[in-house]
Amino acid sequence: MISEEYGTSHSSKNLTHIPETLSLDHLEAVEPWGRASTSVSYVYRPVTEEQVAQGLELARQSGRSIGLRGGGNSYGDAAMNGENILLDMRRMNRILDWDPQTGIVRVEPGVTLAQLWQYILEDGWWPPIVTGTSMTTIGGCAAMNVHGKNAYQKGPIGDHILEFDLMLPSGEVLTCSREENSDLFFAAIGGFGMLGVFTTLTLRMKRVYSGYLDVYSQAEPDLGGMFDYFNQYMDSSDYIVGWIDSFAKGSALGRGDVHRANYVPPGADPAPSQSLRLENQHLSPNMFGVVPRSIVWLFMRPMTNNLGTSFVNFGKYLAGQVTGTKRYQQTHVAFHFLLDYVPNWKLGYGPGGLIQYQPFIPKETAHDAFADILRLCQRRGIPNYLTVFKRHRPDDFLMTHGLDGFSMAMDFRVTDQRRPQIASLAREMDEIVLAAGGRFYFAKDSTLRPSVVQAYLGSETIAKFKAMKRRCDPDELLQTDLWRRLFSEL
């Protein structure tokens, strides 16, 4: 029994009213965040732990696999399970306990980052790790072990999770921490939902003394300058993120803008009770006071092509170069959640959506590898339209993407003509990444192949994870399209 192997556990509550067959009323079309594909699944939305257990039992009785979905912000197929069952966890969204003295919070998995920061900020706390959108759920963040603009200092979100309750496909619930069921703790975080269902998670928040960050920005003329900036400032900055103009060539290859930020120290904000108020954090509904944010993507679409994006990128870089180094204060929300500035901005890519490719490469080989990737994309005539540059550190989680190095996230617009070209390009980029000792990130992946996963994770890591899955999910009830695409052959 799992409980004997792992120790402390408790069974789910009484299971009643389990349907014997799947209902067509639950059949829905499901898209990844990038909208580059679609599939049809039976979608169920549990509200309680008991209903999660019922969903697992329904999968068992119906002979279908079951996958997990949070905010639906994975770019590829990590939260898709075509022709099978999906548990949409967003209705399990209660904040169960909050201690404003210690900063420890206990939540259900469907709580979003938006809910979390709004709940804790006025008490002087902020989530230690946030993604580029506030719409990600805490359960999804844990399953993918997400990182933020401070990954080089604070690691992924798993480094700030104290414990969680995990429901196995049998309905048994295990409490996991670094001291209890520790092997499962380090495998389920970053385990992309293949070992069990998070039903509660306990995390430690970050104390802040102002609703603002001190932000510095400046343009860098090339990729070397981008690396130099990170190396110079990462020890003295709480956050750093870079944007790269992927169209720049020659000596300007890798040019872009860098933003770094620091928390305002205690006593420096003359009115922290005001700056920490929620109404002083929210983004206004209009851009420039006039244009509703909800329609801005319509103006983006005509520019979302090679010519339009190269013009926008050049203008952005030139503006940063002309203004020089800028220092200003920005709210936490405005600095972190850039993807929320324009609701549904992804629609600007058109009906084909986008695919993101994000390699993580050790610091020793990152410069040359990223330069090779940028040149390769230009030679193939498929430059990416948004390139984000970050610094990272290693972590102790089994299926980690973290390392002592850098990542470069690249968005590629998908059209019918480009789709096979992007797939071919991704294979070429894979070879560059593997040769440089790099890694990949399942939350962003749409293109990896089993052989690449085998190469970067290694046989020992994959064997450990599969052994863990056999213990937790011997019938392989938990599956997703990503699991079948990458691990069914390994």
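Residues numbered from 1 in each chain as written. Predicted model: local features only at pLDDT ≥ 70, side-chain atom pairs only at ≥ 80, totals over all residues. Heavy atoms only, no water.

### Quick notes on the pattern of salt bridges
- Applying the stated rule across the entire model yields 22 salt bridges.
- In this structure, R471 and D183 form a salt bridge, with 3.5 Å as the shortest nitrogen-oxygen distance. Taken together, the positions of R471 in helix α15 (residues 459–472) and D183 in helix α6 (residues 182–188) put the pair 288 residues apart, joining distant regions of the chain.
- Accessibility expressed as a relative area gives 30% for R471, which makes it partly exposed.
- Given a relative accessible area of 33%, D183 falls into the partly exposed group.
- In this structure, the salt-bridge partner of D404 is R391, at a minimum N-O distance of 2.9 Å. Of the two residues, D404 is situated in the loop between β21 (386–392) and β22 (405–413) and R391 in strand β21; the sequence distance between them amounts to 13 residues.
- R391 sits in the buried class, given a relative accessible area of 5%. (Salt bridge = Lys/Arg side-chain N within 4 Å of Asp/Glu carboxyl O. Helix = DSSP H or I, 4+ residues; strand = E, 2+ residues; numbered from the N terminus. Buried < 20%, exposed > 50% of the residue type's maximum accessible area, 1.4 Å probe, protein only.)

### Concerning the pairing of β21
- With five of seven residues buried, β21 lies mostly within the body of the structure.
- Summarising the sheet, strand β14 (residues 239–244) and β21 pair through three bridges and their orientation is antiparallel. Paired with I244 across the bridge in β21 is T387.
- Taken together, the seven bridges between β21 and β22 define a ladder with antiparallel strand orientation. (Pairing = 2+ DSSP bridges.)

### Some thoughts on the packing of aromatic side chains
- For the structure shown, the criterion picks out 33 aromatic pairs.
- Relative to F406, the ring of F389 has its centre 5.3 Å away and its plane inclined at 15°; by these criteria the two rings are stacked. A residue pair is termed long-range when its members are at least 10 positions apart, and F389 in strand β21 and F406 in strand β22 qualify at 17 residues.
- Taking relative accessible area as the criterion, F389 reaches 0% and is therefore assigned buried.
- Considering the side-chain rings of F465 and W483, the 6.3 Å spacing of their centres and the 55° angle between planes classify their relative orientation as tilted. Placement of the pair is F465 in helix α15 and W483 in helix α16 (residues 481–487), with a sequence separation of 18 residues. With respect to class, F465 is no different from W483; both count as buried.
- Through a chain of ring-to-ring contacts, the aromatic side chains of W33, Y75, F247, W345, Y349 and Y385 assemble into a single cluster. (Phe/Tyr/Trp six-rings, centres within 6.5 Å; stacked < 30°, edge-to-face > 60°.)

### Notes on the packing of helix α12 (residues 366–379) against helix α13 (residues 418–435)
- Two numbers describe how α12 lies on α13: the axes approach to 10 Å, and their chain directions differ by 165°. Looking at the two axes, α12 sits roughly antiparallel to α13. Our pair here, α12 against α13, has a crossing hand that is right-handed. Along its contact with α12, which presents A369, D372, I373, L376 and C377, the element α13 presents L425, E428, M429, I432 and V433.
- Residue classes in the contact of α12 with α13 are distributed as eight nonpolar, no polar and two charged. (Axes fitted to C-alpha atoms, helices over the stretch in contact; angles between N-to-C directions. Parallel < 35°, antiparallel > 145°, perpendicular 65-115°, else oblique. Left-handed = near helix turned anticlockwise from the far one by under 90°. Contact = heavy atoms within 4.5 Å. Nonpolar A, V, L, I, M, F, W, Y, C, P; charged D, E, K, R; others polar.)

### A few points about the sheet that holds strand β5 (residues 85–88)
- One open sheet holds the four strands; their spatial order is β2-β3-β5-β4, and the pairing between them is mixed. The two strands at the open ends of the sheet, each matched to only one other strand, are β2 (27–30) and β4 (66–69). The sheet shows a mean angle of 45° between the axes of neighbouring strands, taken without regard to direction.
- Pairing analysis gives four bridges linking β4 to β5, with the strands arranged parallel. From the neighbouring strand, R69 faces β5, where its bridge partner is D88.
- Contacting β3 (39–44), β4 and β5, helix α2 (residues 49–62) runs over the sheet at an angle of about 175° to β5.

### Observations regarding the side chain of R391
- Only 3.2 Å separates the side chain of R391 from the backbone oxygen of G405, close enough to count as a polar contact.
- Once residues lying within four places of it in the same chain are set aside, the contact partners of R391 are A151, Y152, F230, M234, K363, D404, G405 and F406. (Polar contact = N/O pair within 3.5 Å; in protein donor to acceptor, adjacent residues only side chain to side chain.)

### Here's the deal with the nonpolar core
- F164, F192, F370 and F442 are the most contacted members of the largest nonpolar core, which totals 131 residues.
- A per-element tally of this core places α12 first, with eight residues.
- Setting aside residues up to four positions removed in sequence, F164 forms contacts with L174, T175, C176, L184, F185, A188, I189, F198, T200 and L201.
- Counting 12 residues, the second-largest nonpolar core is a separate cluster that includes W33, Y75, F247 and W297. (Core = buried A, V, L, I, M, F, W, Y, C linked by side-chain atoms within 4.5 Å.)

### Focus: the side chain of N81
- If you trace the backbone, N81 turns up in the loop between β4 and β5.
- Judged by its relative accessible area of 0%, N81 is buried.
- Ignoring sequence-local partners within four residues, the contact set of N81 consists of V40, S41, S65, I66, G67, L86, Q479, T480, D481 and R484.

### Topic: the environment of L96
- Along the polypeptide, L96 turns up in strand β6 (residues 95–99).
- With 231 residues separating them in the primary sequence, L96 and R327 have C-alpha atoms 39 Å apart.
- Not counting the four nearest positions on each side in its chain, L96 is found in contact with R106, V107, E108 and T200.

### Quick word on the packing of helix α7 (residues 223–233) against α12
- Where α7 meets α12, the axes come as close as 10 Å, and the angle between the chain directions of the two elements is 145°. α7 and α12 meet at a crossing whose hand is right-handed. Side by side, α7 and α12 meet where L223, G224 and F227 of the first sit next to A366, H367, F370 and A371 of the second.
- Taken together, the residues that form the contact of α7 with α12 break down as five nonpolar, two polar and no charged.

### Thoughts on the domain arrangement of the protein
- When cut into domains, the protein gives domain 1 (21–90 + 466–487), domain 2 (93–207) and domain 3 (212–453).
- Between domain 1 and domain 2, the C-alpha centre-to-centre distance is 20 Å.
- Each side of the interface is counted separately: domain 1 has 25 residues, and domain 2 has 24 residues.
- For the pair domain 1 and domain 2, the summed buried area comes to about 2,000 Å², and 72% of that belongs to carbon and sulfur atoms.
- Inspection of the domain 1/domain 2 interface yields one salt bridge.
- Joining domain 1 to domain 2, the criterion identifies four residue pairs in polar contact (both at pLDDT 80 or more).
- Counting only elements with at least two residues in the side of domain 1 that touches domain 2, the list comes to α2, α15 and α16.
- The element contributing the most residues to the side of domain 1 that touches domain 2 is α2, with five residues.
- Residues of the side of domain 1 that touches domain 2, tallied by class, amount to 13 nonpolar, six polar and six charged. (Domains from an automatic or database assignment. Buried area = accessible area lost by both parts, 1.4 Å probe.)

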